[in-house]
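Below, each chain spelled out in residue letters.
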Amino acid sequence: MYSLYSWGSPFQDEGLYSFDPACASVQTYLQLCNAEWKLCPTSNAGISPNSCLPAITYKNTIVESGIWSIVQFLKKEGYDLDAKLDEEQLAQSAAYISLVQDSLVDSLLFSWYLVSENFADAIRPRLAKMFGFPLSMFIPTQLKDHAEERLKFRGITSEIEKVDEKQEAEQSSNLQTLKNKIPRIYLLAKEGFKRHADKSSHPVYKHATKCLDLLSKKLGNKQYFFGDSPTMLDAVAYGYLSLIVYPDLPQNTLKDIVTRDYPKLVALCDRIRDRIEKPAVSAEQSWSSNLYSITKQCISSYIPQTKTRRDDSNAGNSQLSENTRSIACALFVFLGYIVYNDVFSVPAK
């Protein structure tokens, strides 16, 4: 039996078992090829040799990590969803997969982390609940920082159009005059409408629609992208699209685009969702339990052993106070170390 180490999911109620699209894609691949496997949710990318999730183990040994390496390993093991594809179709599949990984992940990250309402009211609370204390204090923010860094590198910000800012600047004097005449209640309503305005014109969504157009045309009226049987492309497309289609967010701009304009892709997701079942989940400890165990070991090695019997009660109380301070000090030092050195990795995009 294979064990897939994967980032966990705050969307299990929606039938999704990882918030990371790469992990979700490999999970879907394993389901579609009917492999015997179990899911091991983890927040520790360090279990992989290259600190990358997902990672797959066989006979208690990690054999591969990363979506492409895992799929190639499974193909060698006899689980090949692309077995019936010719060379030209394999090349097309690889091109579409790269397109999905490049285009949809940007729009997904933008929708989750750069739309303030979505992050504050939905994504952060659910991630915090999934990670548990104390990881909930910094992992969601760390994920947001990584998303912003990636998107900024690709020239994507939370601004819709700089032209809007220019127009607002030109009209500022007129608006200031109007503000003195308009009741405050209407001004507050105007700000609310602006805050929740439709952002479908943002370039990141326009870029996503180009990818969705190509996928929809490729799918056409077929059951799957290359006919009546699912392939790796179907598994990857589902891994990304399912995280868009099924979770509900305060601002569902990206979801609305997909469900309104690409019903065939939604039908594909529903078709795959009906085929897959809830995976067997390993009863592994969460990171909170692992953190407690690691901290306990560090504290045990940090604090010298004390005598089990004390003749003097005052001396015993003094020793207990000293041990308590030492434990608190060791805990803060340990937590500071892991935060400073970025021990808790985030999904690489």
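As the structure is a prediction and not an experimental result, all values here were calculated from the model.

Trainee: Help me understand empty space enclosed by the protein, please; the structure alone is not making it clear to me.
Mentor: Any empty space left between the atoms is revealed when a probe the size of a water molecule rolls over them. Scanning all chains against the criterion turns up 2 cavities of 30 Å³ or more. For the largest cavity, the calculated volume is near 130 Å³. Counting only elements with at least two residues in the lining of the largest cavity, the list comes to helix H1 (21-32) and helix H10 (232-245). Residue composition of the lining of the largest cavity, grouped by class: 7 nonpolar, 7 polar and 1 charged. Empty space within the second largest cavity amounts to approximately 70 Å³. Around the second largest cavity sit Leu108, Ser111, Trp112, Leu243, Ile244, Pro247, Leu249, Gln251, Asn252, Thr253, Leu254 and Lys255, which together line it. If you list the elements that add at least two residues to the lining of the second largest cavity, you get helix H3 (87-114), H10 and helix H11 (253-261). Its residues assigned to classes, the lining of the second largest cavity comprises 7 nonpolar, 4 polar and 1 charged.

Trainee: I keep staring at the sheet that holds strand E2 (residues 37-41) and nothing clicks. Help me out?
Mentor: Sheets are built from strands that pair by backbone hydrogen bonding, the pairs being arranged parallel or antiparallel. Across the sheet, 4 strands lie side by side as E2-E1-E3-E4; this open sheet has mixed pairing. Strands at the two margins of the open sheet, each flanked by one partner only, are E2 and strand E4 (61-65). On average, adjacent strands in this sheet sit at an angle of 30° to one another, irrespective of strand direction. Here strand E3 (residues 55-58) pairs with E4 via 4 bridges, running antiparallel. By the bridge assignment, Thr57 is partnered in E4 with Ile62. Across the sheet, H1 touches strand E1 (2-6) and E2, and the angle it forms with E1 is around 160°. The strands that helix H2 (residues 67-76) touches are E1, E3 and E4; relative to E4, the one it contacts most, it runs at about 115°.

Trainee: I would appreciate a short explanation of the pattern of salt bridges in the present structure.
Mentor: Side chains carrying opposite charge are able to pair once their charged atoms draw close together. The full count for this structure, using the stated rule, is 8 salt bridges. Arg150 is the partner of Asp106 in a salt bridge, and the nearest nitrogen-oxygen pair spans 2.8 Å. Placement of the pair is Asp106 in helix H3 and Arg150 in helix H5 (residues 139-153), with a sequence separation of 44 residues. Here Asp106 matches Arg150 in class, with each residue buried. Members of the salt-bridge network, linked through shared partners, are Asp102, Asp106, Arg150 and Arg154.

Calculation notes
Within each chain, residues carry numbers counting from 1 in the order of the written sequence. Restriction of local features to residues with pLDDT of at least 70 applies here, the model being predicted, together with a cutoff of 80 or more for giving and counting side-chain atom pairs; totals for whole chains, interfaces and linings are based on all residues. Think of the side-chain values as coming from all heavy atoms in the structure, minus any hydrogens and water. Of the two site types, the cavity is a set of points on a 1 Å grid over the protein atoms alone where a 1.4 Å probe fits but cannot get out, and the pocket is an open set with protein on both sides within 12 Å along at least five of seven lines, each lined by residues with an atom within 4 Å of a point. Grid points are joined across faces, edges and corners, and a volume is the space filled by probe spheres set on the points. Put simply, DSSP marks the helices as runs of H or I at least four residues long and the strands as runs of E at least two long, and each gets a number from the N terminus on. Under this grouping Gly is polar, as are all residues other than the nonpolar Ala, Val, Leu, Ile, Met, Phe, Trp, Tyr, Cys and Pro and the charged Asp, Glu, Lys and Arg. A pair of strands is treated as paired once DSSP finds two or more bridges between them. All axes here are fitted lines through C-alpha atoms, helices being fitted over the stretch that makes contact, and every angle between N-to-C directions spans 0 to 180 degrees. Every residue pair with non-hydrogen atoms within 4.5 Å of one another is taken to be in contact. Salt bridges are counted wherever a side-chain nitrogen of Lys or Arg sits within 4 Å of a carboxyl oxygen of Asp or Glu. Throughout, exposure labels follow a simple rule: accessible area from a 1.4 Å probe, protein chains only, divided by the maximum for the residue type, with under 20% read as buried, over 50% as exposed, and the rest as partly exposed.

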